[in-house]
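Examining the three-dimensional arrangement
The residues making up each chain are set out below.
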Amino acid sequence: MSDRLPHLLRADALDNRERILEAARALFAAEGLNAPMREIARRAGVGPATLYRRFPTKRTLVAEAFADEMRACHAIVEEGCADPDPWRGFCLVIERICELHARNQGFTGAFMAAFPGATDVAANRRHMLDSLAELARRAKDTGHLRPDFVLDDLILMLTANRGIHAASTAARVVASRRFAALVIQAFHVHRTKTA
């Protein structure tokens, strides 16, 4: 009997952790990163002590809550950078990042703010922006990306994408895809045909 008790406690602790992360993601998506820790604990059905035992600071909770999204974002950027056609890779990044951010606007807040002290988020954000800057340089060299494009244009795009509001996540994703297509069109060099 004593051998089973620690296993049950570990399973219970794991359930608590998952409920906390789920509640944090939902609350961050709805209210932003300023959502109170006590409200996250309440929605998770745990006491504040349990929350703080698992996540001693909000920055650790933010980093863990968005770890999967950060990995997905990183994979999107890596895939775009690996494409032998830099313009196609650049377009892929815009389309998929917009969709990822439309699906979880709390992650957009964490990514955009690089939540102070959340070193994992800040370091990953910096690495991705550096990779995107290199991809943009290569896309410019092909003549497809506007020569006046700067990395701040991408940040502006993400900020604008964050402003898309819809009745459901599915509707927000559809609107975000349309927005991404318009952004790509704006970033593309349109050559005029000469007679």
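Definitions and cut-offs
- Residues numbered from 1 in each chain as written.
- Predicted model: local features only at pLDDT ≥ 70, side-chain atom pairs only at ≥ 80, totals over all residues.
- Heavy atoms only, no water.
- pLDDT = per-residue confidence, 0-100.
- Helix = DSSP H or I, 4+ residues; strand = E, 2+ residues; numbered from the N terminus.
- Axes fitted to C-alpha atoms, helices over the stretch in contact; angles between N-to-C directions.
- Left-handed = near helix turned anticlockwise from the far one by under 90°.
- Contact = heavy atoms within 4.5 Å.
- Expected span 1.5 Å × (residues − 1).
- Buried < 20%, exposed > 50% of the residue type's maximum accessible area, 1.4 Å probe, protein only.
- Polar contact = N/O pair within 3.5 Å; in protein donor to acceptor, adjacent residues only side chain to side chain.
- Salt bridge = Lys/Arg side-chain N within 4 Å of Asp/Glu carboxyl O.

Time to look at the confidence of the model for the protein. When the pLDDT values of the protein are averaged, the result is 85; 84% of them are 70 or greater. Averaged pLDDT values for the elements of the protein fall to 65 in helix 7 (residues 105-113) and rise to 95 in helix 2 (residues 37-44).

With that settled, consider the packing of helix 6 (residues 86-103) against helix 9 (residues 151-162). Viewed as axis vectors pointing N to C, helix 6 and helix 9 meet at an angle of 35 degrees, and their least axial separation amounts to 10 Å. Crossing of helix 6 against helix 9: the hand is right-handed. Judged by residue contacts, F90, I94, I97, C98, H101 and A102 of helix 6 engage L154, M157, L158 and N161 from helix 9.

This paragraph deals with helix 6. With 18 residues, helix 6 should cover 26 Å at 1.5 Å per step; its first-to-last C-alpha distance of 26 Å lies within 8% of that length. Counting buried residues along helix 6, 14 of its 18 residues qualify, which places the element largely inside the surrounding structure. Near the N-terminus of helix 6, the side chain that reaches the backbone nitrogen of W87, with its oxygen 3.0 Å away, is that of D85.

With that settled, consider the pattern of salt bridges. Proximity of charged atoms lets side chains of opposite charge pair with each other. Counted under the stated rule, the structure contains 11 salt bridges. With a closest N to O distance of 2.6 Å, R96 and E79 form a salt bridge. Here E79 lies in helix 5 (residues 67-82) and R96 lies in helix 6, a separation of 17 residues in the sequence. The class for R96 is partly exposed, based on a relative accessible area of 38%. We classify E79 as partly exposed; its relative accessible area is 40%. Between E99 and R177 there is a salt bridge whose closest N-O contact spans 3.0 Å. Within this pair, whereas E99 is found in helix 6, its partner R177 is found in helix 10 (residues 169-187), the two being separated by 78 residues in sequence. Its relative accessible area of 46% is what places R177 among the partly exposed residues. Each of the salt bridges in this network shares a partner with another, and the network as a whole consists of R17, E18 and E64.

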